Amino acid sequence: MTQIELRGIEKHFGAVQVIKDLNLTIADNEFIVLLGQSGCGKTTTLRAIAGLETIDEGDILIDSQPVQHIKAAHRDIAFVFQSFSLYPHMTVFENIAFPLRATRGNRADIEREVQAVAKTLQITHLLVKKPSALSGGDMQRVAIGRALVRRPKAMLMDEPIGALDAKLREEMRAEIKRLHIKQGSTTIYVTHDQVEAMSLADRIVVMHEGVLQQVGSPHEVYARPANMFVAQFVGSPVMNMSDVTVSEDAGHARVVVRGAPTSFDFPSNLTAQLAVAGAQNGNLTLGVRPEGVLVSREAREGFVPVEAHIIEPLGSHDIIDLKVGDQMLRARTKSGFVPRPGEAVWARIDPAQAHFFDSSTGTSFGIRL
Ligand SMILES: Nc1ncnc2c1ncn2[C@@H]1O[C@H](COP(=O)(O)OP(=O)(O)O)[C@@H](O)[C@H]1O
Ligand SMILES: [Mg+2]
């Protein structure tokens, strides 16, 4: 049972504030992913939890006990770094056994625990080898093994697979997930890769410039982004954003993209919802993911004519750019849907997949259609 709580954490390096009022409760057995750009404060947060970094303000509690006065070595938290940092002169067995040497003297116990961890990670055949003989993926398995063997209260992982190539990253991702399901330890995992975050996390914590932006399940963060930063950081290709004005016309709401002669049809309750949320024309941004832009080869009710431009064929589907006035709207279509660049097609924005943001603060108005 390990619950970790961060209360009002603040951290400066000199004059630069790198963590701002960070509050977060991580449940027992939860797999939390800290997601954000390089430099946003992820590593500093992890190091603070591990006790490798001091904090200026706030409290870190492990199982409801404040831990600031407890040294890293006594917090019983394992840390897996991006660099594998294995002892090169030791075998894999000795590397994994190393953390046990200090605490568990009995040879037979150490042997049994190392074997058990090696079996879980499927590296039994590597136990006699030296790190120099291992591939990148195997080195990282050993580093994870060395962290796991202590049966720590919690596992902290800082971009543990960032240095591996794409194929291996995918494999290791699945393995880390499987391992977590099997071991069930409270885990905080840091990455700048949104796909990694989506595939691993119970909950994702999105950070930007030291400020927590949103905490939620992968689905929540993807489907209900709290602000424009989260909306554009999660999901690929990136969410379309356009300044729009909304007006009411003959029982419909009309959404006009700035610089476009065309308007998109929306359900009439959009205007009322925007009014309740305090949204005003001139300060309104529409966000829609490429899959929320519906396209048709024929004219259809509610669809407007647009021109299909650059086409990215991706095999399973295509990404196309639609010219709407002087703006581009990126859409996702079945592969081969648009045969030639410059083709005339019809488009509509799926109201259920539309997001409306305050253009100046970036905050979502939380409109649901
Ligand atoms: N020991 C340090 N001294 C001074 N600045 C640091 C130190 N460690 C990190 N920083 C700065 O703090 C910010 C956050 O860094 P970090 O937590 O490593 O970000 P991330 O892991 O998200 O890339 C960065 O601007 C970084 O340059
Ligand atoms: Mg980092």
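Residues numbered from 1 in each chain as written. Chains lettered and ligands numbered in written order. Predicted model: local features only at pLDDT ≥ 70, side-chain atom pairs only at ≥ 80, totals over all residues. Heavy atoms only, no water.

- Looking at an unreviewed UniProt entry, one finds the chain named ABC transporter, ATP-binding protein and attributed to Rhizobium meliloti.
- In its Sequence similarities (unreviewed entry) section, the UniProt entry covering the chain states "Belongs to the ABC transporter superfamily." (UniProt positions renumbered as here; feature names shortened; annotations may be inferred.)

### Notes on the sheet that holds strand β12 (residues 252–257)
Then, in step 1: Strand order in the open sheet made by the five strands is β13-β12-β11-β14-β20, with antiparallel pairing throughout. Sheet topology places β13 (263–266) and β20 (354–358) at the edges, where each strand pairs with a single neighbour. On average, adjacent strands in this sheet sit at an angle of 40° to one another, irrespective of strand direction.
Then, in step 2: Relative to strand β14 (residues 284–288), strand β11 (residues 240–249) runs antiparallel, the two being bridged by four bridges. Counterpart to M241 in the pairing with β14 is G287.
Then, in step 3: Most of the contacts of helix α9 (residues 269–277) go to β11, to which it runs at about 110°, and overall it touches β11, β12, β13, β14 and β20. (Pairing = 2+ DSSP bridges. Helix = DSSP H or I, 4+ residues; strand = E, 2+ residues; numbered from the N terminus. Axes fitted to C-alpha atoms, helices over the stretch in contact; angles between N-to-C directions. Contact = heavy atoms within 4.5 Å.)

### Some thoughts on the packing of aromatic side chains
Aromatic ring pairs: the centre-centre distance and the angle between the two ring planes describe each pair.
Then, in step 1: Summed over all chains, the structure comprises five aromatic pairs.
Then, in step 2: Seen in terms of ring centroids, F229 and F233 are 5.4 Å apart; in terms of plane orientation they differ by 15°. Their pairing is stacked. Of the two residues, F229 and F233 are both situated in helix α8 (residues 228–233); the distance of four residues between them amounts to about one turn of the helix.
Then, in step 3: Seen from their ring centres, F266 and F356 are 5.9 Å apart, and the 75° between their planes marks the pair as edge-to-face. Of this pair, F266 sits in strand β13 while F356 sits in strand β20, and the two are 90 residues apart along the sequence. Across the pair, exposure class does not vary: F266 and F356 are buried alike.
Then, in step 4: Cation over ring: R297 sits above F337, and NZ or CZ is 5.7 Å from the ring centre. (Phe/Tyr/Trp six-rings, centres within 6.5 Å; stacked < 30°, edge-to-face > 60°. Buried < 20%, exposed > 50% of the residue type's maximum accessible area, 1.4 Å probe, protein only. Lys NZ or Arg CZ within 6 Å of the ring centre and 35° of its normal.)

### Comments concerning α9
Then, in step 1: Residues of α9 that are buried include every one of L270, T271 and L274, and no others. For α9, the angular spread of the buried residues around the axis is 100°, confining them to a single face. Of the exposed residues in α9, those oriented more than 90 degrees away from the buried face are A275 and V276.
Then, in step 2: Each element contacted by the buried residues of α9 is listed here: β11, β12, β13, β14 and β20.
Then, in step 3: Looking one or two places after α9, you find G278, whose phi comes out positive at around 80°. (Arc of directions from axis to C-beta.)

### Quick look at the packing of helix α2 (residues 92–103) against helix α4 (residues 136–148)
Then, in step 1: The geometry of α2 relative to α4 is characterised by a closest axis approach of 7 Å and an angle of 30° between their N-to-C directions. One element, α2, and the other, α4, form an angle in the roughly parallel class. In the crossing of α2 with α4, the sense of the turn from one axis to the other is right-handed. From α2, V92, N95, I96 and P99 reach across to α4, where they touch V142, G145 and R146.
Then, in step 2: Here the residues of the contact of α2 with α4 are counted per class, giving four nonpolar, two polar and one charged. (Parallel < 35°, antiparallel > 145°, perpendicular 65-115°, else oblique. Left-handed = near helix turned anticlockwise from the far one by under 90°. Nonpolar A, V, L, I, M, F, W, Y, C, P; charged D, E, K, R; others polar.)

### So, the domain arrangement of the chain
Then, in step 1: Domain parsing of the chain yields domain 1 (4–227) and domain 2 (240–358).
Then, in step 2: Summarising the inter-unit geometry, the C-alpha centres of domain 1 and domain 2 are found 41 Å apart.
Then, in step 3: Listed by partner, the interface residues are six residues for domain 1 and five residues for domain 2.
Then, in step 4: When domain 1 packs against domain 2, close to 430 Å² is buried across both sides, 48% of that on carbon and sulfur atoms.
Then, in step 5: Viewed at the interface, domain 2 and domain 1 are joined by zero salt bridges.
Then, in step 6: Counting across the interface, domain 1 meets domain 2 through two residue pairs in polar contact (both at pLDDT 80 or more).
Then, in step 7: Classifying every residue of the side of domain 1 that touches domain 2 gives four nonpolar, one polar and one charged. (Domains from an automatic or database assignment. Buried area = accessible area lost by both parts, 1.4 Å probe. Salt bridge = Lys/Arg side-chain N within 4 Å of Asp/Glu carboxyl O. Polar contact = N/O pair within 3.5 Å; in protein donor to acceptor, adjacent residues only side chain to side chain.)

### With respect to the site of ligand 1
Then, in step 1: Around ligand 1 lies a shell formed by F13, V18, Q37, S38, G39, C40, G41, K42, T43 and T44.
Then, in step 2: Taking G41, its main chain carries an N or O atom lying 3.1 Å from an oxygen atom of ligand 1.
Then, in step 3: Within the side chain of K42, an N or O atom sits 2.9 Å from an oxygen atom of ligand 1.
Then, in step 4: Coverage of ligand 1 by the protein chains reaches 55% of its 560 Å² of free accessible surface.
Then, in step 5: Ranked by the residues each element gives to the shell around ligand 1, the list is headed by helix α1 (residues 42–50), at three residues.
Then, in step 6: Its residues assigned to classes, the shell around ligand 1 comprises three nonpolar, six polar and one charged. (Near = heavy atom within 4 Å. Areas by Shrake-Rupley, 256 points an atom, 1.4 Å probe, with all protein chains shown as cover.)

### Looking at the side chain of Q327
Then, in step 1: Tracing the chain through its elements places Q327 in strand β18 (residues 327–334).
Then, in step 2: Look at Q327 and you get buried, because its relative accessible area is 17%.
Then, in step 3: A polar atom in the side chain of Q327 sits 3.4 Å from the backbone oxygen of R258.
Then, in step 4: In this structure Q327 touches M241, S242, V257, R258 and L322, once residues within four positions along its chain are discounted.

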